[in-house]
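Chain by chain, the residues:
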Amino acid sequence: MNTAIARERLEEIRAELDKSITVLDGAQQHDRSEDYPQDPADAGANLSETERTAAILAVARLQRGEVLDALRRIELGTYGTCADCGKGVPEGRLEAKPEAARCVACQSKRDRLRH
Ligand SMILES: [Zn+2]
């Protein structure tokens, strides 16, 4: 994987995430400032809307962190090396997910531990 290309793609992803996070943050603040009490049915609908926004925000922030980490690894010259086993991360995986820090085997091991 050419790190110059990887860096470009990561910067693009970061810009996209920044945009989404700004929009979602605004939406969340708007939700909070709405007047209560409301019709219980409306309140329920708004709650799930707020929860959905919060969930998407959490994922976007997490991915942004991974993207920043990947950019740091490019600086350090360790990009494309699995953070756990030290083997090379396959090119195809980096193309699909440029912020990937681990090979598929190590990542699925981690995902299993988390659940
Ligand atoms: Zn690995």
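Overview of the structure. What you see is a predicted model, and the numbers here were worked out from it, not measured in a lab.

Conventions used here
Residues numbered from 1 in each chain as written. Predicted model: local features only at pLDDT ≥ 70, side-chain atom pairs only at ≥ 80, totals over all residues. Heavy atoms only, no water. Helix = DSSP H or I, 4+ residues; strand = E, 2+ residues; numbered from the N terminus. Buried < 20%, exposed > 50% of the residue type's maximum accessible area, 1.4 Å probe, protein only. Areas by Shrake-Rupley, 256 points an atom, 1.4 Å probe, with all protein chains shown as cover. Donors = N, O, S within 2.8 Å, 3.2 Å for Na, K, Ca; no water. Tetrahedral: all angles 85-135°; square planar, octahedral: opposite > 155°, others 65-115°. Core = buried A, V, L, I, M, F, W, Y, C linked by side-chain atoms within 4.5 Å. Contact = heavy atoms within 4.5 Å. Polar contact = N/O pair within 3.5 Å; in protein donor to acceptor, adjacent residues only side chain to side chain. Salt bridge = Lys/Arg side-chain N within 4 Å of Asp/Glu carboxyl O.

## As for the overall build of the protein
Consideration 1: A count of helices and strands for the protein gives four helices and zero strands.
Consideration 2: Helices and strands appear in the protein in the N-to-C order α-α-α-α.
Consideration 3: When the 115 residues of the protein are sorted by exposure, 26% land in the buried category.
Consideration 4: Put simply, the protein shows about 7700 Å² of open surface, and 54% of that area lies on carbon and sulfur atoms.

## Remarks on the coordination of the zinc ion
Consideration 1: Taken together, the protein donors to the zinc ion comprise C82 (SG), C85 (SG), C103 (SG) and C106 (SG), at separations of 2.3 Å.
Consideration 2: For the zinc ion, the four donor atoms in the first shell make angles of 104 to 116° at the metal, so the coordination geometry reads as tetrahedral.
Consideration 3: Read from N- to C-terminus, the donor residues coordinating the zinc ion fall into the pattern C-x2-C-x17-C-x2-C. In this pair, C85 is assigned in the loop between α2 (40–76) and α3 (91–96) and C103 in the loop between α3 and α4 (104–114), connecting sequence segments 18 residues apart.

## Some details on the nonpolar core
Consideration 1: Among the nonpolar cores identified, the biggest contains 19 residues, and L10, L17, V67, I74, Y79, C82 and L94 are the most heavily contacted of them.
Consideration 2: The residues contacting V67, other than those within four sequence positions of it, are L10, I13, R14, L17 and E99.

## Points about the side chain of E99
Consideration 1: Along the chain, E99 turns up in the loop between α3 and α4.
Consideration 2: Residue E99 is classed as buried on the basis of its relative accessible area of 5%.
Consideration 3: Engagement of the side chain of E99 in a polar contact is seen with the side chain of Q63, the distance being 2.9 Å.
Consideration 4: In contact with E99, not counting residues within four places along its chain, are L10, I13, Q63, E66, V67, A70 and R73.

## Remarks on the pattern of salt bridges
Where charged atoms of side chains with opposite charge meet at close range, the side chains can pair.
Consideration 1: Going through the model one piece at a time under the given rule, you end up with 11 salt bridges.
Consideration 2: The residue K97 makes a salt bridge to E66 at a minimum N-O spacing of 3.5 Å. Of the two residues, K97 sits in the loop between α3 and α4 while E66 sits in helix α2, which places them 31 residues apart along the sequence.
Consideration 3: The class of E66 is partly exposed, set by a relative accessible area of 32%.

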